[in-house]
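Spelled out from the first residue to the last, the chains are:
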Amino acid sequence: MERADGFDDQRLEVVPRPLVEAALARPVTRRILVTDAGYFPRAERHGRRRDGGTAETTVIVCVGGAGWFEVDGIRTRVGPGGAIVLPAGTPHAYGASEDDPWTIWWAHVRGRDVDELVEACGIRPDAPLLSLRSLDRVTALLDEIVTSFERDMTPARLVATSGMAWRLMTQLAVDRLLPEDGTPVERAMRYLEERVDGHVQVGELAALVGVSPSHLAALFRQATGGGVVAHHLSLKMARARRLLDTTNLTVAEVARQVGMDDPFYFSRQFRKIHGTSPTAYRAHRKG
């Protein structure tokens, strides 16, 4: 028989529904609000079936063992590092493996910005699974939410957990976009970082990481929104900003430090990106 909760050493926090409705009518918490959150260790026989979905978006992060979810009649296994994001209203079921019950952190969220955040995660109702690269960061945020609710559920606390939920959802979105260690695009990006002061040909870089130039360009567009050359230029400009802010190097010397021997070309590129000259940027008070 499946169980919804009642596991040894579990942590479970549910915001009373009158407080939820009041919070959804207030600034900040109307945008994203945690309504329930918890931690279920080795949740033997854990399972839920919701043929009509829920009013909340459900986030489940598996940190140990294994489980499964079912959407549109298709059952999918989930192991450590897997995150399930089930949008509000999606009929679904999920549960722990019989042989190796999962350990999970989970939260339910509501609010007018949740749909956009779910979309940013690349989630569709029929494809709710993410593979996390920053499992520790995600679980730390869920732990922070549960710990916060264990103290109280005042309006101030609900605002605080809303901020944590925003960070949680954006971390899930970032995990989808960041390249995995050892992949061609990650190796190429690391190569460019190590050669900010140099010149890199796309064809040579593609050959170095073992893909075609067109495929590398597509990977960079997916990961950064731009091409290889644009990403390398952004790295050069980031170093230039640091040098302008923290040293007394002349503009020409800064240009050379980022691999641009022509200070006029460097200044044109800097102005194109920043909307101001290197000299004016340095003179502008910051902080």
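One can find the structure itself at the top, above this paragraph.
Let me sum up the structure you'll find in this document. Quantities reported herein were computed from a predicted structural model and do not represent experimental measurements.

Cut-offs and rules
- Residues numbered from 1 in each chain as written.
- Predicted model: local features only at pLDDT ≥ 70, side-chain atom pairs only at ≥ 80, totals over all residues.
- Heavy atoms only, no water.
- Helix = DSSP H or I, 4+ residues; strand = E, 2+ residues; numbered from the N terminus.
- Buried < 20%, exposed > 50% of the residue type's maximum accessible area, 1.4 Å probe, protein only.
- Contact = heavy atoms within 4.5 Å.
- Disulfide = S-S within 2.5 Å.
- Core = buried A, V, L, I, M, F, W, Y, C linked by side-chain atoms within 4.5 Å.
- Salt bridge = Lys/Arg side-chain N within 4 Å of Asp/Glu carboxyl O.
- Pairing = 2+ DSSP bridges.
- Axes fitted to C-alpha atoms, helices over the stretch in contact; angles between N-to-C directions.

1. Section: the environment of R49
Item 1. Along the chain, the position of R49 falls in strand β3 (residues 47–50).
Item 2. Residue class for R49 comes out partly exposed when judged on its relative accessible area of 48%.
Item 3. A C-alpha to C-alpha distance of 48 Å links R49 and Y191, two positions 142 residues apart in sequence.
Item 4. Apart from residues no more than four positions distant in its own chain, R49 is found in contact with E70, R75, H92 and A93.

2. Comments concerning the state of the cysteines
Item 1. On inspection of all chains with the given rule, the structure shows zero disulfides.
Item 2. Counting only cysteine sulfurs, C121 is the nearest neighbor of C62, a cysteine outside any disulfide, at a range of 18 Å.
Item 3. Exposure remark for C62: the relative accessible area of 1% places this residue in the buried category.
Item 4. By relative accessible area, which is 0% here, C121 ends up buried.

3. Description of the nonpolar core
Item 1. Counting 36 residues, the largest nonpolar core has V34, M169 and L172 as its most contacted members.
Item 2. Of all the secondary-structure elements, those providing two or more residues to this core are α1 (17–23), β2 (33–40), β4 (57–64), β7 (82–86), β9 (103–110), α2 (114–120), α3 (135–151) and α4 (155–177).
Item 3. Of all the elements, α4 adds the most residues to this core, at seven residues.
Item 4. With near-sequence residues (within four places) excluded, M169 lies in contact with I32, V59, L117, V118 and C121.
Item 5. Counting 15 residues, the second-largest nonpolar core is a separate cluster that includes F7, L86, Y94 and I104.

4. Digging into the pattern of salt bridges
Item 1. Applying the stated criterion to the full structure yields 14 salt bridges.
Item 2. A salt bridge links E150 to R11; its shortest N-O distance comes to 2.9 Å. Separated by 139 residues along the polypeptide, E150 in helix α3 and R11 in strand β1 (residues 11–14) bring together distant segments of the chain.
Item 3. Of the charged contacts in the structure, one is a salt bridge between D113 and R31, with a shortest N-O distance of 2.7 Å.

5. Some points on the sheet that holds strand β10 (residues 129–131)
One key point about sheets: their strands pair by backbone hydrogen bonds, in either a parallel or an antiparallel sense.
Item 1. On the basis of which strands lie adjacent, the open sheet formed by six strands has the order β1-β2-β9-β4-β7-β10 and antiparallel pairing. The open sheet has two edge strands, β1 and β10, and neither has a second partner. If you compare each strand with its neighbour and ignore which way they point, the axes differ by 15 degrees on average.
Item 2. Two elements, β1 and β2, share four bridges in a ladder whose sense is antiparallel.

6. A closer look at the environment of D262
Item 1. Position of D262 relative to the elements: it lies in the loop between α9 (251–257) and α10 (263–274).
Item 2. With relative accessibility at 37%, the residue D262 sits in the partly exposed group.
Item 3. Put simply, D262 and T183 are 79 residues apart on the chain and 34 Å apart in space, counted from C-alpha to C-alpha.

7. Notes on the side chain of T161
Item 1. With respect to the secondary-structure elements, T161 resides in helix α4.
Item 2. Judged by its relative accessible area of 0%, T161 falls in the buried class.
Item 3. The contacts of T161, once residues within four sequence positions are left out, are V34, I145, S148 and F149.

8. Quick notes on the environment of S162
Item 1. As for its placement among the helices and strands, S162 is situated in helix α4.
Item 2. Along the primary structure S162 and V109 are separated by 53 residues, whereas in three dimensions their C-alpha atoms are 8.9 Å apart.
Item 3. If near-sequence neighbours (up to four positions away) are discounted, S162 is found in contact with T29, I32 and L33.

9. Description of the sheet that holds strand β6 (residues 74–78)
Item 1. Read across the sheet, four strands follow the order β3-β8-β5-β6 without closing on themselves; strand pairing throughout is antiparallel. A single partner strand is all that each edge strand has here, and the edge strands are β3 and β6. If you compare each strand with its neighbour and ignore which way they point, the axes differ by 15 degrees on average.
Item 2. Sheet topology places β3 next to strand β8 (residues 92–96); four bridges connect them, and they run antiparallel. Within the sheet, the bridge partner assigned to R48 lies in β8 and is Y94.

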